Structure formats: structure tokens, C-alpha cells
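Next come the chains, spelled out residue by residue.
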Amino acid sequence: MMRGWRDIWRWSVLLPAAVLAVPVLVIFASIGYPQPDVWLHLRQTVLADYVINSLLLAGGTGIGALLMGTSTAWIISQYQFIGRRYLRWLLLLPLAMPAYIIAYTYTGMLDFAGPLQTILREQFGWRYGDYWFPEVRSLGGAILMLSLVLYPYVYMLARTAFLEQSASLFEASRTLGFTPRQHFWKVALPLARPAILTGTALAMMEAFADYGTVQYFGVTTFTTGIFRTWFGMGNQVAAAQLAALLTSFVLLLLVLERWSRRKIRYYYQGQHRHSHARRPVNLAHQLLLFTLCLLPVLLGFIVPAIQLISWALTNYQVTLNREFGVLVWNSFTLAAMAAIISVLLALLFAYGKRLRRDVMVQVPVRIAALGYAVPGTVIAIGVMLPLAWVDGRIDLLAEQWFGVRTGLIFSGTLFALLLAYSVRFLAVSLHSVEAGLERIKPSMDNAARSLGYKPLHVLQKIHLPLLRTSVLTALLLVFVDVLKELPATLILRPFNFNTLAVRTYELASDERLADAALPALAIVLVSLLPVIVLARSVDSSIKGKP
Amino acid sequence: MLNLQQVAVAYSGNTVVKDISLSLAKGQIGCLVGPSGCGKTTLLRAIAGFEAVCAGSISLQGNIVSNAEQQLPPELRQVGMVFQDFALFPHLSVAHNISFGLRHVSKSVKATKVKQLLQLVGLPDLGQRYIHQLSGGQQQRVALARALAPEPNVLLLDEPFSSLDTELREGLAREIRQILQQLQITAVMVTHDQNEAFAMADMIGVMAQGRLQQWASPYELYHKPASRFVADFIGRGVLLPGTVLAAQQVQTSLGIFQQRYVSSLQPGDKVDVLIRPDDIVHDDSSSVTAQVADKAFRGSHILYQLKLDSGEQVQCLALSHHNHAMGEHIGIRLDLDHLVLFPRDH
Amino acid sequence: MLNLQQVAVAYSGNTVVKDISLSLAKGQIGCLVGPSGCGKTTLLRAIAGFEAVCAGSISLQGNIVSNAEQQLPPELRQVGMVFQDFALFPHLSVAHNISFGLRHVSKSVKATKVKQLLQLVGLPDLGQRYIHQLSGGQQQRVALARALAPEPNVLLLDEPFSSLDTELREGLAREIRQILQQLQITAVMVTHDQNEAFAMADMIGVMAQGRLQQWASPYELYHKPASRFVADFIGRGVLLPGTVLAAQQVQTSLGIFQQRYVSSLQPGDKVDVLIRPDDIVHDDSSSVTAQVADKAFRGSHILYQLKLDSGEQVQCLALSHHNHAMGEHIGIRLDLDHLVLFPRDH
Amino acid sequence: AEVNIYSARQEELIKPLLDKFSRETGITINLITGKPDELISRMVSEGRNSPADILISTDVGRLSRAKQQGVLQSVESDVLAETIPASLRDPMNQWFGLTMRARPILYVPGKVSPSELSTYEDLASPKWRGRICIRSSDNIYNQSMTASMIANDGADAAESWAKGLVANFARPPKGGDRDQIKAAAAGICDIAIANTYYLGGMLADEKEKVAADAVKVFWPNQDGRGTHINISGAGVAKYAPNKAEAVKLLEYMTTTDAQQWYADTNHEYPIRADVKASEILQGFGEFKADQLQLEKLGELNADAIRVMDRAGWK
Ligand SMILES: Nc1ncnc2c1ncn2[C@@H]1O[C@H](COP(=O)(O)OP(=O)(O)OP(=O)(O)O)[C@@H](O)[C@H]1O
Ligand SMILES: Nc1ncnc2c1ncn2[C@@H]1O[C@H](COP(=O)(O)OP(=O)(O)OP(=O)(O)O)[C@@H](O)[C@H]1O
Ligand SMILES: [Fe+3]
Ligand SMILES: [Mg+2]
Ligand SMILES: [Mg+2]
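Predicted model only: the values in this text are computed from it and were never measured.

Draft legend 1. Just the overall build of chain A, in detail. Helix and strand content of chain A: 24 helices and two strands. Computed over its C-alpha atoms, the radius of gyration of chain A comes to 24 Å, within 12% of the 24 Å expected for a compact globule of 546 residues. Principal-axis analysis of the C-alpha atoms gives chain A an extent of 75 × 65 × 50 Å. Going through the 546 residues of chain A one by one, you find that 63% of them count as buried. At a minimum sequence separation of 6, the contacts of chain A that also span at least 24 residues come to 84%. When the accessible area of chain A is evaluated, it comes to approximately 19900 Å², of which 69% is carbon and sulfur surface. On chain A, the mean spot of the 46 positive side-chain charges and the mean spot of the 27 negative ones are 15 Å from each other.

Draft legend 2. Looking closely at the site of ligand 1. Taken together, 19 residues are adjacent to ligand 1, and Ser135, Gly137 and Gln138 of chain B together with Thr41 and Thr42 of chain C come closest. At ligand 1, the nearby residues belong to more than one chain, namely chains B and C. The separation between an oxygen atom of ligand 1 and a polar side-chain atom of Arg129 of chain B is 2.7 Å. Between ligand 1 and Gly136 of chain B there is a distance of 3.3 Å, counted from an oxygen atom to a backbone nitrogen or oxygen. If ligand 1 stood free it would expose 640 Å²; the protein chains cover 90% of that surface. Going through the elements one at a time, helix H4 (136-148) of chain B together with helix H1 (40-48) of chain C are the ones with two or more residues in the shell around ligand 1. For the shell around ligand 1, a count of residues per class yields three nonpolar, 13 polar and three charged.

Draft legend 3. Molecular detail of the UniProt feature "domain: ABC transmembrane type-1" (unreviewed entry) in chain A. The residues that UniProt annotates with the feature "domain: ABC transmembrane type-1" (unreviewed entry) are residues 51-255 and 328-534 of chain A. As annotated, residues 328-534 of chain A comprises 80% helix and 0% strand, and the C-alpha atoms at either end are separated by 20 Å.

Draft legend 4. Region of interest: the arrangement of the chains. Contact analysis covers four pairs of chains in contact, and the most contacts occur between chains A and D. At the C-alpha level, the nearest point of chain B lies 46 Å from chain D, with no contact between them. A minimum C-alpha distance of 46 Å separates chain C and chain D, which share no contact.

Draft legend 5. Up close: the side chain of Ser77 of chain A. Residues and elements named next belong to chain A. Within the secondary structure, Ser77 sits in helix H3 (residues 47-78). On the basis of relative accessible area, Ser77 is assigned to the buried category, the value being 7%. With near-sequence residues (within four places) excluded, Ser77 lies in contact with Arg159, Phe162, Leu163 and Arg278.

Draft legend 6. Fine view of the site of ligand 2. Every one of the 20 residues lining ligand 2 counts as a neighbour, but Thr41 and Thr42 of chain B together with Ser135, Gly137 and Gln138 of chain C are closest to it. More than one chain lines the surroundings of ligand 2; the residues nearby belong to chains B and C. The contact in question runs from an oxygen atom of ligand 2 to an N or O atom on the side chain of Ser135 of chain C, over 2.6 Å. For ligand 2, whose free accessible area comes to 630 Å², the fraction covered by protein is 89%. Taken together, the elements giving at least two residues each to the shell around ligand 2 come down to helix H1 (40-48) of chain B together with helix H4 (136-148) of chain C.

Draft legend 7. Molecular detail of the sheet that holds strand S20 (residues 341-343) of chain B. Residue and element names in this part refer to chain B. Spatial strand order, S13-S12-S11-S14-S20: five strands in an open sheet with antiparallel pairing. Single-partner strands in this sheet number two, and they are strand S13 (255-258) and S20. When strand polarity is set aside, the average angle formed by the axes of neighbouring strands in this sheet is 40°. Both strand S11 (residues 238-244) and strand S14 (residues 270-275) contribute to a ladder of six bridges, which runs antiparallel. Note that in S14 the partner of Leu239 across the bridge is Leu274.

Draft legend 8. Spotlight on the relation of the copies chain B and chain C. Taken as rigid bodies, chain B and chain C are interconverted by a rotation of 180° and an axial shift of 0.0 Å, the fit giving an RMSD of 0.1 Å. These values place the two chain copies in the arrangement generated by a two-fold rotation axis. Scanning chain B for the C-alpha nearest the rotation axis identifies Ser162 of chain B, at a separation of 2.8 Å. Most of the interface of chain B is mirrored in chain C: 100% of its interface residues are interface residues there too.

Draft legend 9. Broad picture of helix H1 (residues 15-25) of chain D. Residues and elements named next belong to chain D. The complete set of buried residues in H1 reads Leu17, Leu18, Phe21 and Ser22. An end-on view of H1 places all buried positions within 140° of arc, on one side of the element. Relative to its buried face, H1 has exposed residues pointing more than 90 degrees away, namely Arg23 and Glu24. Gly26 lies just past H1 and shows a positive phi near 80°.

Draft legend 10. Representation of the coordination of the magnesium ion (ligand 4) in the model. All names here are of chain B. Each protein donor to the magnesium ion (ligand 4) is listed here as Thr41 (OG1) and Gln84 (OE1); together their distances run 1.9 to 2.3 Å. Here Thr41, found in helix H1, pairs with Gln84, found in the loop between strand S6 (79-82) and helix H2 (94-99); they are 43 residues apart in sequence, far enough to count as distant. Under the relative-accessibility criterion, Thr41 is labelled partly exposed at 22%.

Draft legend 11. Region of the structure containing the interface of chain B and chain C. Taken residue by residue, the interface counts 48 residues in chain B and 48 residues in chain C. Between chain B and chain C, roughly 3900 Å² of surface is buried when both sides are summed, and carbon and sulfur atoms account for 46% of that area. Taken as a group, Ser36, Phe297 and His321 of chain B account for 17% of the area that chain B buries against chain C, more than any other trio of residues on that side. At the junction of chain B with chain C, the criterion picks out zero salt bridges. At the junction of chain B and chain C, the tally comes to 13 residue pairs in polar contact (both at pLDDT 80 or more). When residues of the side of chain B that touches chain C are traced back to their parent elements, those giving at least two are H4, helix H5 (166-183), helix H6 (194-200), helix H7 (218-223), helix H8 (228-233), strand S16 (289-298) and strand S18 (313-319) of chain B.

Draft legend 12. Representation of the packing of aromatic side chains. What the rule picks out here adds up to 35 aromatic pairs over all chains. Taken together, a centroid distance of 6.0 Å and an interplanar angle of 85° make the contact between Phe208 of chain A and Phe249 of chain A edge-to-face. Taken as a pair, Phe208 of chain A in helix H10 (residues 193-209) and Phe249 of chain A in helix H13 (residues 236-260) lie far apart in primary sequence, 41 residues in all. Classification of Phe208 of chain A by relative accessible area gives buried; the value is 4%. Ring geometry for Phe495 of chain A against Tyr6 of chain D: centres 5.8 Å apart, planes inclined by 50°, an arrangement best described as tilted.

Draft legend 13. Spatial organisation of the pairing of strand S5 (residues 63-67) of chain B. Residue and element names in this part refer to chain B. With four bridges connecting them, strand S4 (residues 55-60) and S5 associate as antiparallel partners. Note on S5: the bridge partner recorded for Ser59 is Ile64. Between the end of S4 and the start of S5, which pair antiparallel, lie two residues, with Gln61 showing a positive phi angle near 50°.

Draft legend 14. Molecular detail of the interface of chain D and chain A. At the junction of the two partners, chain D supplies 53 residues and chain A supplies 60 residues. When the two sides are added together, the surface that chain D and chain A hide from each other amounts to roughly 5000 Å², 47% of it contributed by carbon and sulfur. The interface formed by chain D and chain A contains nine salt bridges. In this structure, Asp49 of chain A and Lys314 of chain D form a salt bridge, with 2.4 Å as the shortest nitrogen-oxygen distance. The tally of links from chain D across to chain A stands at 26 residue pairs in polar contact (both at pLDDT 80 or more). For the side of chain D that touches chain A, the secondary-structure elements that each account for two or more residues are strand S1 (2-7), strand S2 (28-33), helix H2 (36-46), helix H3 (60-68), helix H7 (177-186) and helix H14 (301-311) of chain D. Looking at the side of chain D that touches chain A, the element that brings in the most residues is H14 of chain D, giving seven residues.

Draft legend 15. Looking closely at the pairing of strand S1 (residues 2-11) of chain C. Residue and element names in this part refer to chain C. Taken together, the seven bridges between S1 and strand S2 (residues 14-24) define a ladder with antiparallel strand orientation. Bridge pairing links Tyr11 to Asn14 in S2. With five bridges connecting them, S1 and strand S4 (residues 55-60) associate as antiparallel partners. Note that in S4 the partner of Asn3 across the bridge is Ser59.

About the cut-offs
- Residues numbered from 1 in each chain as written.
- Chains lettered and ligands numbered in written order.
- Predicted model: local features only at pLDDT ≥ 70, side-chain atom pairs only at ≥ 80, totals over all residues.
- Heavy atoms only, no water.
- Helix = DSSP H or I, 4+ residues; strand = E, 2+ residues; numbered from the N terminus.
- Rg over C-alpha atoms; globule rule 2.2 N^0.38 Å.
- Buried < 20%, exposed > 50% of the residue type's maximum accessible area, 1.4 Å probe, protein only.
- Contact = heavy atoms within 4.5 Å.
- Areas by Shrake-Rupley, 256 points an atom, 1.4 Å probe, with all protein chains shown as cover.
- Lys, Arg positive; Asp, Glu negative; His and termini not counted.
- Charge placed at Lys NZ, Arg CZ, Asp CG, Glu CD.
- Near = heavy atom within 4 Å.
- Polar contact = N/O pair within 3.5 Å; in protein donor to acceptor, adjacent residues only side chain to side chain.
- Nonpolar A, V, L, I, M, F, W, Y, C, P; charged D, E, K, R; others polar.
- UniProt positions renumbered as here; feature names shortened; annotations may be inferred.
- Pairing = 2+ DSSP bridges.
- Axes fitted to C-alpha atoms, helices over the stretch in contact; angles between N-to-C directions.
- Least-squares fit on C-alpha atoms with pLDDT ≥ 70 in both.
- Arc of directions from axis to C-beta.
- Donors = N, O, S within 2.8 Å, 3.2 Å for Na, K, Ca; no water.
- Buried area = accessible area lost by both parts, 1.4 Å probe.
- Salt bridge = Lys/Arg side-chain N within 4 Å of Asp/Glu carboxyl O.
- Phe/Tyr/Trp six-rings, centres within 6.5 Å; stacked < 30°, edge-to-face > 60°.

Structure representation (C-alpha cells):
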């Protein structure tokens, strides 16, 4: 009886984790087919560039997202100031902007040929080369663009972490002579470390995997290299090997981060008390805080949105038709389904890992959650290959035994798409849920177990309510991510099935930015609803909770 | 040094601490005792500056730090605190928790100090551990060491020894008392262990339902309780009904007691007399006897619940050799130093 | 009912509980005492099923629930626990915390039960509060009520009264004891209050550094400690050096004691004799005197540290009327029931 | 009846035509759009279960790769064979060009006189130092162009040409073809290289017309092999479940009507001689197209990448 029970939990984590790990493993399988010729060429020419640019891009984006996300999260969670009520959810909106779209809009505005520089030239009679103006389409520009749309990861996770910190610790550090600001550096920040670094890691992983922005900005990274090797040289194996290298590197970073804090715990041992009231500050300070929080919203959302609107206004008649409603509906339902699936899986995995500390459970889950660092196209192929293989097998067997052909059951249906989203966004949901779980002390689990609850019930009765904010955060992040997801959707979607992201991309890739503006805005609008609903419910859950 | 004037504190409108006035001189130790939920922690929190006072004022070293209008932020008060639930930092090692409050201090000084304190609380080898790797009592000791480290002006201790075994708590209490006196730190300690309060305190305050019932020296508190509640709460004892006689004497079923101090009581008034278990000495040779109604073994002693012939019950603490059976009649003798009387209400 | 066989538990390779064997019959109450950090909580956690045992076995009602190979999950053990840190659910009200373990039970039954338990722990009006709105002691009582509610087969109590005042803890302890006996719940309780252990326990276990030093009835433990450690840890007392005389007598500086029980000691062997404070009776009329070296007021008593003429120190518990000054010589008399000897090592 | 299309051509640019086909024939069209290589990968992995009937690509390299991967089949159709010039279709009839475009040199009149311009090869000459705008080598248009250089001049010559070209860049490559034109118009460079339909599209768009008007088309290599061209095209899938319908659709796309629609809406050159290019394109003038067997471009694509990598073309 004892053994059997143990195994159920282990298997119910292990099996789905193994399934989700397959696409990543497919990529790693490429290592078995050496491509010395291509590698020699890459090493001699562009590999160093790829590595350095990728590192700079991910590092820079990580730092940018970390700074913007953490500071705004702290301000929003600690202070009472004008406009806070709106900023707390406005700060999330840049997440809904596909990175390449914001890249297009800023290029449109700030490029040499754009309105700003044109006005400058006309005003001062300058000509090309007469003056210096920061170049948007550069590595620095890419870092800025990605930071602007990715900092909400850090913001959301950090805000939850800050809000859930026990008031007792704040009091303890104050009796020891620390001002609130010093408390932030010495206690609040380190305690929020899992959440903040999770957010940063997500931003960095997304930066590693980004293709659209860097491609447009002419920055050669690992990802552009992967596509160049695959599409340009037609060498899918070497491309997969590059992807595997990238993934291993990310894995190494993640493992190092975990290892460096393996002994540290982040739950409060005593009876949890919720944070003290937000601190009121004087008007000058309020304005300062308001400006600080407004800045990322302004740059990451309002300015590009205005540009998009101005583009969209010129030809909305062309694009706004009935078909457009279908696009919105498709995008919304797909994102909602994927978010729910992904969060359920994340709960299962995170909780399973909490229950079973053994390597057998930890490793497959870690591998399954690597998909976020891999370019979406590569993941999609990783999903497609095994699914099509399975379909082929089933089809063959059915034909042999029953004389019927089953065709494509899994690939080419929404199943393939949802599986790909699960693989790709598991990292997002898993890491948010895990960061939340780390703040729940283990004696909660024990207490519930000793009162006769089975682990699944403990999850339902204890962890879910305590994790509510983290779960909502995860839902929202995955929802918005799926909404703007492009590469996997592009390859794996069934016939006659389009989403807003696909439409946006098609128009944008044809360099028809004005037409692309409307679907891009629609992505933002569709995200707006859950963003507002969830942001409210996050706040109310914290208010209602002790 | 520490001065409270008619302090009141409320949680969302519900006043849980009322009209508390007390003061301690520099280096003095005050203990707060009282039933669970009477407001001890709340009072400490108000002194530390975490709760606003809704009436009255708190002053430290002559400066008002809290009144109904304004509160000095906690970090400017130089008040250390050992929290009831420890409030240790989970992300820091034991050593870093302890050195947390040591700011503007060189590394080597920090290290020495941490070593000293770890030694003091009996955890010399656990500096590198994290909090979740400690037992409950070990955590409590770290909390104590952390609060002591910066040598605050005022130290607030909320049941700082509750998770420690007797031996350790007594040793630690003695050493802490020494340190506090040596550094002239004023301290307020909450404890449920009256022995501890008696041993540590210069002044003891008994609280009930948010009010301070008595603020007095340990001896006075025990021997001259100001109210029935204090009499009942401090030490053991029963209130034996009696009647005041003309000659300032009180008649009870245990005999007649002399009332030694002045009182406004009139002959014929009904009163209750406080009888402590140690007022009744078990003496096999005594002619007065009582019946054993209940007994509790407590190591060195047995606490007998005795039924007098009049039907009233008293307690008697006898050395544990005197192991008498339930129902047995045993000899008792009265040995009353102070007569404590409370007028009967009706 | 509850049976532990040579149980060992380790935290990441570091064995903190070793070779523990003990058993309790149905309805019996066992108490664990021991210095802070000796492994009491760990042992309870192993019984509850939260920690795996790395050697030995634990069985409940005759079924092995833990051994080195496998562990029955906690929820199948019917073992309730009061956690040292309470582990109350912050998202549930007090009433819901208490009724949490009452599953498959109708709403009205739940409500009655919760009401009863709230009454029992003295919080009848606080059912709707959330945990963070309670004082420390109130939280502890909710934890107790929560663990009692489902009427488990075995109840583990980890310092369940540590945050309560004496009056409350004694009342509660008495009632809990009654309930446990009535429902025939086997209980293991960790406590630092030896009086509590003596009052509650059928069996007491003394632990030190992960090992069980003695598992015996309270009386036996106090009067026949199995080791120096137990003698030292339980109650008070000093070990007075002595020498075995031919006639099974022991010579000490306090006089000659008769050795009443058989022993392998040879005449001339050096031994230590356990002298409890209550073995020494303060008697003004006695001719033997000792000097007051230190004293501690403890309400009903004063604990004197006395210096014998030979220079050795002993303790004496005198009624608090006998308030002698430091340095004074006071009369003492020996009243020794059981002679407890430990051979001197060298 | 139905026909399933895997299209690398964006929906916008093909859907109206397909709808029209549906209306006329009653054949239902099912469409997936995507990037060409991914669609090919999808066909490969789906194998004999693949529902695809037709693969449409915007670039000949991908068509020939699809052929190499064995996901296309030969089609015997007199209509196709007659209407499509041999150089614009696969020798084995596995793929067929449907529209054509050229990649000429665009120059800013006033800064560059047409007489200074001659061939692609000439763009490597030092006189153009710091004057050329072209997008990154990630893009297939540049890869095909470089492949044609290799095919015509040999790998070594192509590499030194690429090096020379890179040395003449006015700025590191960034943006798309339209961006190069805009950059030239804004004065960053004197020469831009872009596909004809982009310039055509800009000229047709009010807001972008200003920039587009600032440049003029120069047809290079007119004295030699002709200007580099590429095609969009399609082929029938190896396991096509609806082969007959598929062929019908291909044939439909080569009709005058269809070709005219392409020419007018997307400013591509029709493959039929009897259909006129759009007015805007006609304004660029006549030109001689490179007659290189397009199949070659696909084969040499990987070599082109290596050449560009070595030349340091970002
Ligand atoms: N997670 C852990 N990792 C490593 N060591 C631990 C861990 N938890 C406890 N210990 C150590 O194990 C020993 C026993 O701990 P335990 O909590 O059982 O003590 P205890 O007897 O309950 O003490 P207390 O009376 O202070 O609560 C202690 O020395 C403690 O430092
Ligand atoms: N946040 C709160 N909101 C409302 N009531 C509270 C809150 N905190 C404490 N109380 C109530 O205030 C009263 C005083 O609480 P306090 O913590 O000061 O008690 P205490 O004397 O420290 O008790 P204990 O000895 O049990 O720790 C209690 O009745 C408690 O229920
Ligand atoms: Fe005396
Ligand atoms: Mg308290
Ligand atoms: Mg413990």
C-alpha cells in the first residue's frame, strides 16, 4: 500500500513531464549527428558574434527588465500615491505588445527617415552625418525594446512577492535600525529573489529566443544564426545543435542560480501577517513616484500604441471586417485554453516537486520547462516531428489491421498547437507557481496532511488559496504570451485557422506596417480585459487575505 | 527613561489596551504578566512603534515618541525587540541574522560580537546554519541574540524563553539580566513564567483585559496584591470567606487572623482572605486536619487540594516525601505573614 | 498502540535522533522532555510521518508505519499534531481552521464541534477572526483545538502550552488529559515544563543529544534517575561527592547515608550522591548550618543556594516567609527518602 | 471537392484569387500560411499522411529545396508547360513559377548618374565606398542574389565581390527593402538595392510615395546576363489527396485573369508575355532578365551563406 501510493504521485508528474520534455529532447538528439563541416565554418566566421550578441542582448534585457520591474513593483506595493490605482495594471500592458511591433513603431518614429529626425533636420538645416542621434536599430535598441515589453514579468512576480512578505520581517528590521529603504535592500529584495530572478530569467529566455526584433534590427544572435543555418544552409541538424547549445547554456544558468541558493528558504517561519498599510508620502514624492511608474508605461505602451493607432486610423476600413471578429475569437479562446492547461500542468509539476524531492521527478520537469529559451519555431518542429511520427504509426497500424486510414490525429490539429504552447510556456507558469510555493512554509502541508488530507486535497484546500495571486499571475502571463505567440502558431495551426498574431506578422513581414497596426492593437485590447480583471482580483485577494 | 502615560491602543476600532501608565528607570527590568490575549504583545508593539497609540503618550529618555497625533518611526527609537514568533530572516544564516543590526561596524568587530552572542545563547557551532535548520528553541535563542547585538536603549522581550527548557532558561535569564544591567539597558519582558518574572524583574505589571492591574515590585505583588484578580493570578491560593471582628481581627473557618494594617473595614463586614499554599504548612503533628481532595505531583513537591471541615477548600504545598493518599486526613498548620483581605461585594 | 523500535532520523545525513525505543498503550500519555535542540520535535515528526526514519521502525496499532524502507503517508496514520509553530492556515477563519480536519461530517455537526472546542480552549467568541488577528496564546489554543477536532488515534503535542499563562495552561492541561482519557487517545507531548510533564504523563522520556536517556513513570524518573544527566536535568539538585563505607553506607560532608538498595559498589569506591533541594529542610532549630550563597525568590518559596562548611554547595527550597539575607548561616536538616548514587568516573 | 494549400505567400496576397477560383469551380480551398521552410518540414514529417495538395512559395530556393526533400511530384500539364517559360519552371515539372520580380539597383538622381552604374559586380568597386544601403544577409533575396553571383562568376569571384560590397555599406544592414529605399531618400546612402514590388508598393501608397519618388531604377547587367530575378511559384505535393484539383488550381493561376490580378495588386511581373505589368512597373522600363536556370539558385543557397559569412555581411 505504501509503495503503490508513492508511485502514483511520481508517475503522474513523471509521465506528463516526460511528454513535454520530448520536444526539447528531440532537439538534443541532434547532437548525435555531428556536422563538423558546418561547425568549422560557423566557428571561423560568425559563431563568436552570435555568442557575444546573444549574451549582451539577454544580459542587457535581463538587467533592464530587472530594474524596471523591481522598482515599479516595490513602489506600487509600498506607497500610496496619486494614480497608483491605474498604474498598477497599466504597468502590465507593455507585455501585450509583441516585441517586433514595438520595434517597428519606434523605428518608424526615431529612424533617420522618421518624423522626429526629419523635423530636427528641417528645423536646424542638418544633413545626414551632421549630428548624432541614437540609432534605434542596434543592439542597444533591441535591448531597450525587449526590456520595455518584458519588464512586466519581473513586475508581476516581484509585486506578488513583495505583497506576500510577512509584515513581521519589516518590523524586525526596523527595530534593528533599518529604514524602509534599507529594509528593501537587505530583506525585501533578497526575500523576493526567487520571484525577481524568475521574472528576469523569463525575460532573458525570451530575449534569447527572440527572432523578430533582432532580425529587423540587423543584430545577429544565436537565434538568427539558428534560422540562417536551417533555412539558409538547409541544415536542420546543425540548426538543432545550435539550439541545443543555447538551451544547455540556459539550463546551466538556471541550475547555477538554484544551486547558489539551495540552502536558503524563502518562507516565513512564524505566523504570517500581511503587509502593513501602504505608506503615504507628500505630494512632491507622490509626483516623483507617479512619474517613475508612468515612464515604463509611457515608453512600453502608450507611445507605441499611439503610433499604432495613427497607422490604424488611415486604413481601418480595409482590415476591419467580419473575418476580423473570427481572428479575435480564435486568439482569445486559444490563449485562454493554453493558459489554463499550462497553469494546471505547472501546479501539478511544482507541487509534485515539493512532494518528491528525488531527482527522478526534478530532472524531467526541469527539462520540460526549458522550452521557453528555445526559439518557437524550433520547439514547434520538436513538437511536430514526434506527433507526426505517432500519427504515422497509428495510421499504419490501423490500415494493416482494420483497413482504414486514420490520417493525422494529433499533428495538424489544435492538439498539436496546445501541446506546443504547453511546452513553450510551461517555464512561465511553472516558475511563477514555484516562486509562490517557496513562500509557503512546509508545516502548512504537514498540518493539512496530519488532518487526513491527501496531497491533492492539500493542494486544493491550502496551496491554491494561498497561491491565488501566483496562479492568477501565471494565468495572465501565459494568456498574453500565447496571444502574441507567433512561430509555433504559424507552423502548427490547422487549415483556415488564423490568429491576431499571425495576421499581424504576415502584414508586418510584408512591410505593410499600417495594415499590421490594427491586429496588433487588437492583441493589446484582447489582453486588456484579463489584465484588468486579474489585476483587480490580485489586489482584492491580497486585501481580503490576512 | 521609559514612560507610558494612559496609553491606549486599538485594532480597527477595537481598543485592546487601555489607560496604561508605567515607568522604568534606566537599566531597570519590567515584566508584564497576564492572561493570554490581554494585550501584552500589543503594548510592546506600541512601545516599539508598530502600533499607533490612540490615546496617551509614550516617551523614551524624556522625548515623546508616540502620542495620538504622531509616532516616531520604529527605526529611530533605538528599541530592540524579541518577537513572540521570532521574526527571523529566512534568507540569512544564523550569524547574519545576529549581525543584521550591527551597522557601521567593521567586519572583525561583527565577527567577534556574533561569536560572543552565539556563545551566550549556547549555539557556538550553528552560525552557518539557516533558520529552517534550527529547532524551535534554537530559533528563539537566535532571536534573542539578534535583538541584543546592537545594544539598544530599550529592549522589549516577548516571551523570550518560552521554548527553552528550565535549565537553559534560568541560565540564560541570569546572564541576560547581567548584560542588561551592565549595559544599562531598560527592558520590558513579557513572560508566563512567574518564577522568571520574580527572578528577573525590578517591577512587575499584571495586565488583564487590556488594563494594568498593578505595577509593583515582585515581593509586593505577591504579598500585597492590589486586587482579587492579581491575588488570584499571581502565585496560587484561595480566597477564604471571613468576617471582620471588632478588634481588627478576621474570623475564618481556619481560625482568627490579626489584621495588621489599617483598613477602612468595619466590624461585621464580610471579607475574603487570601490563603497561599505556603501559608498552610503540612504538619503531621498538628491537631487541625483537612482531607486530601486532589493532589498533583510536581517533583520536589506535592500540591494538595485540601477540604476543610467547613467544606471550603485550600491548597497546601508539601515536600514530596509526604505522599498522602486521596481522602486521607492530614495535619495542617497556618503560617500567615501578611493578611490580604478583599471586601466581599455583596 | 504506539511503538518505536530503535528509531533513528537524520537531516541530510546528519543523524539527530538515534536509537529510540519506547511504547505507549492505548490512552496513555507520554511526555518528552530534554534540552533545546535534542531532537524532540524531530521524533514527533517521524511519528507523524513527516520525516523518514533511517533506521528502526515505528508502529501504530500493531502496524508498522515507518521503517528504513518505507513510510506510510501522514494522512493515513490518523495521527494529529499540534505544531511548535502552530502551522495555522492564514486564509481560513478560526472556526474553519478548527473544522478543517472534520471531513465527511455534516455542517451542523461541524458547527457544534467547533463551538465545543472553542469553549474548551476559552475562545468562544473568536470563531470568525482570522489567525493574524489573534494573540500568540490564542493562536496556540486554536492549534490545539484543530488537532483535537478529528479525534485522532494518536495525538502529538509539541509544546502545546508554551505561550499560555500558568492558570490557563494548568486548566487546559487538566481538561485535555480528561478528553484524551475519555476518547482513549494515545498522546505524546513535548514540554519544557516539568511540572506539566509530572502532572500529565503516564510515562516521561528524557532525551539528550538525540538519545532517549530514560523512559519511566514520573515518580521513578524523579526519584530513580537512571543517569547523571537525568538526575541533573529533572528537578533540581546537586551531586555531593561521597565514599562508600563497608556497611553499605555512604560518607558525605552532610553525614552518613544508608544505602538501601543493592549495588555493585565496593567499600572505598568514590561516588556522587544526588541531593534535591527538598531533601534539605530549612529548620531554624537544627544544629547543622550552612551559609546562604545565593537566593531566588519564587513566590511561594525561596530557593537558597547554600554553602556547606566543607565548601560544597547544595540547594534548599524554603517557604518564602523564611527570608534570610545573603551570607547568613541558617539551620538545615537532611530528609532523604531515596539514596541516588552515581559512581565517580575516576 | 477541395484542395489543401500550404502557402508561404501571405494570405492577403493570395486569398482573393483563391476565393475567386472557389466561386468559379465550386472547389473548396483550405489554406495554411507559414514560412516556406517550416511548411516543407511539416510536409516531410507528415509523410504520406500529409493533407497538403499544393505548396506555394515566394522564392525559388525553397521550391527547389522542397523538390530535394521529395515532397513534390511531377505534373504533366500542357497548359502549364505552354504558358510558363522553361527557365521559370523545374525541368522535371515539380514546380512552376507563377510570378516574377527583379532586384535592380535603385539610385538617387543627382547624387548618382546612371552612367556611373553598370553591373552588380561594379558595386564592389571602391568608388561606392559608404554609399550603398542593403538589408541583412539573413534575407533570402540577398542570398539568392549572391547565389546568382556564384553561379555566374564562380565562388571565389563572388566572395571578393561580397567583401567589396560590404566595404561599401553606408551603414550596418538593418530593416527591410522598403527601409533601404527610405534611407536612400533620406540621404543616408546613394544606392539602395530592393525588389521591384516594394518600390511599386511604395509608389502606390500615398504616405510612402515621397520616399519612393526620390529614387530611380537602374537595370544592371543589361549588356551581359541580365538583371537578377526570382519567382514565386508552386508545386503539387507528393502525396496530394486531391491531385486533379491541385493541377486545376495551378492552371488557374496562370490564366490571364489571375496573372493580371497579381500584376495589379502586388506589382509583380506576370510570367505570361500576353499580360502587361502594372502601370507603375511599366514606369521602371523594360529590362533583360537573367536567363539562369532558377533551379541553380536553390542549389547554391548554402554556398551563398558561407560566402556572405566570410565576407562579414551581417
Ligand atoms: N532541517 C534541518 N536540517 C538540519 N538540522 C536540523 C533541521 N531541523 C532541525 N535540525 C537540528 O536537529 C536537532 C534536533 O532538532 P529538533 O527540532 O528535533 O529539536 P527539539 O528537541 O524539538 O528542540 P526545541 O526544544 O528547541 O524545539 C537540532 O540540533 C537542530 O539544529
Ligand atoms: N490584528 C489584530 N486585529 C484584531 N484584534 C487583534 C489583533 N491582534 C491582536 N488582537 C486581539 O487583541 C488582544 C490582545 O492581543 P495581544 O497579542 O496583545 O495579546 P497578548 O497579551 O500578547 O497575548 P498572548 O499572551 O496570548 O500572546 C487579543 O484579544 C487579540 O485577539
Ligand atoms: Fe527561618
Ligand atoms: Mg503575545
Ligand atoms: Mg522542538
